[in-house]
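Observations on the three-dimensional arrangement
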Amino acid sequence: ILFSCSKYDMNITDMDNTVKKIDFAQINIVSGKNGTMLAFASWADFNNVVSVLAEQTNAHTQNYLAPLIAKGLVDDDLTDKLTLDGFNSFQPLHAFNNTLSFESYFQIAEKKEKLWLKNSELNRDTDPFKDVEVFQSALLNKDGEVMIGSEVFKAGAVASGACKLWDDKYDWSNDYSFNG
């Protein structure tokens, strides 16, 4: 759902030319008894991929919206066009997961979120993304886990058992507030 509070000018060129690409050499896939998970040598590598995914998603959305807004589409007309086209602002996250043939927490939470959004009253406590940021979720396995160095971490409140919480390890200084 998009909301427009005021008309604004956008001067956007093809952002794809300036968007960073993911260095897949930073990412390994490890298998265990509970399935697979992505593995990164360091938090810096993990944070870099999260940052690039956020940048790619923003560029994807801006490249799609800019010509529509330039044509004067706003509010309901813009929302109708997005729906008609089946636009998915998170296509770069899907492409990332598909490239790795990896089932991520993002894919599961996105399906749950579609159902959650149909509720007449939205309770943040039941939001499928309440425990993890959307760009991070594409790097977590279906159980919310990721390997950094030789340790397995779980995000937020989904952490339990032998896994460590990552709240003190993730670089929260980046503001990835984009939520489609």
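All values reported here derive from a predicted model rather than from experimental measurement.

A closer look at the packing of aromatic side chains
- Tallied over the full model, the rule gives eight aromatic pairs.
- Ring centres of Trp 43 and Phe 46 lie 5.5 Å apart, and the angle between their planes is 80°; this geometry places the pair in the edge-to-face category. Separated by three residues within a single helix, Trp 43 and Phe 46 lie in helix H1 (residues 43-70), roughly one turn from each other. Each member of the pair, Trp 43 as well as Phe 46, is classed as buried.
- Ring plane angle 70° and centroid distance 5.1 Å describe the contact between Trp 43 and Phe 153, whose orientation is recorded as edge-to-face. Taken together, the positions of Trp 43 in helix H1 and Phe 153 in strand S4 (residues 151-154) put the pair 110 residues apart, joining distant regions of the chain.

Section: the confidence of the model for the protein
- Across the protein, the average pLDDT comes to 77, with 76% of residues at or above 70.
- Note on residues 1-16: pLDDT is under 50 here. Beyond four places in sequence and across chains, it has 22 contacts.
- Contacts of residues 158-163 to residues separated by more than four positions or lying in other chains number eight contacts, the stretch itself having pLDDT below 50.

So, the packing of H1 against helix H3 (residues 91-100)
- At a minimum axis distance of 8 Å, the contact between H1 and H3 shows a crossing angle of 130°. When the interaxial angle is binned, H1 and H3 end up oblique. Residues Val 49, Leu 53, Gln 56, Thr 57 and His 60 of H1 pack against Gln 91, Pro 92, Leu 93 and Phe 96 of H3.
- In terms of residue class, the contact of H1 with H3 is made up of five nonpolar, four polar and no charged.

So, unusual backbone geometry
- Notably, Asp 75 is not glycine yet its phi reads approximately 50°, a positive angle.
- Relative to the assigned elements, Asp 75 resides in helix H2 (residues 75-85).
- Unlike most non-glycine residues, Ser 101 shows phi in positive territory, near 50°.

Looking at the pairing of strand S1 (residues 27-32)
- As paired elements, S1 and strand S2 (residues 35-40) share six bridges and run antiparallel to each other. Within S2, the position partnered with Ile 29 by the bridge is Leu 38.
- Here S1 folds back onto S2, and the loop between the two strands holds two residues.

Notes on the side chain of Ser 104
- Inspection of the secondary structure assignment puts Ser 104 in the loop between H3 and helix H4 (105-116).
- On the basis of relative accessible area, Ser 104 is assigned to the buried category, the value being 0%.
- A polar side-chain atom of Ser 104 sits 2.7 Å from a polar atom in the side chain of Asn 97.

As for the nonpolar core
- Among the nonpolar cores identified, the biggest contains 30 residues, and Phe 40, Leu 53, Phe 96 and Leu 139 are the most heavily contacted of them.
- Counting only elements with at least two residues in this core, the list comes to S2, H1, H3, H4, helix H5 (134-137) and strand S3 (145-148).
- Dropping the residues within four chain positions of it, Leu 53 is found in contact with Ile 22, Pro 92, Leu 93, Phe 96, Phe 135, Ala 138 and Leu 139.
- The next biggest cluster of nonpolar side chains, apart from the first, holds six residues, and it includes Leu 65, Leu 68, Ile 69 and Leu 78.

Points about the pattern of salt bridges
- Throughout the structure, instances matching the rule amount to three salt bridges.
- For Asp 127, the salt bridge goes to Arg 124, with nearest N and O atoms at 2.7 Å.
- Taking relative accessible area as the criterion, Asp 127 reaches 10% and is therefore assigned buried.
- With its nearest N and O atoms 3.7 Å apart, the salt bridge here joins Lys 142 to Asp 143.
- Using a relative accessible area of 37% as the deciding quantity, one classes Lys 142 as partly exposed.

Cut-offs applied
- Residues numbered from 1 in each chain as written.
- Predicted model: local features only at pLDDT ≥ 70, side-chain atom pairs only at ≥ 80, totals over all residues.
- Heavy atoms only, no water.
- Phe/Tyr/Trp six-rings, centres within 6.5 Å; stacked < 30°, edge-to-face > 60°.
- Helix = DSSP H or I, 4+ residues; strand = E, 2+ residues; numbered from the N terminus.
- Buried < 20%, exposed > 50% of the residue type's maximum accessible area, 1.4 Å probe, protein only.
- pLDDT = per-residue confidence, 0-100.
- Contact = heavy atoms within 4.5 Å.
- Axes fitted to C-alpha atoms, helices over the stretch in contact; angles between N-to-C directions.
- Parallel < 35°, antiparallel > 145°, perpendicular 65-115°, else oblique.
- Nonpolar A, V, L, I, M, F, W, Y, C, P; charged D, E, K, R; others polar.
- Pairing = 2+ DSSP bridges.
- Polar contact = N/O pair within 3.5 Å; in protein donor to acceptor, adjacent residues only side chain to side chain.
- Core = buried A, V, L, I, M, F, W, Y, C linked by side-chain atoms within 4.5 Å.
- Salt bridge = Lys/Arg side-chain N within 4 Å of Asp/Glu carboxyl O.

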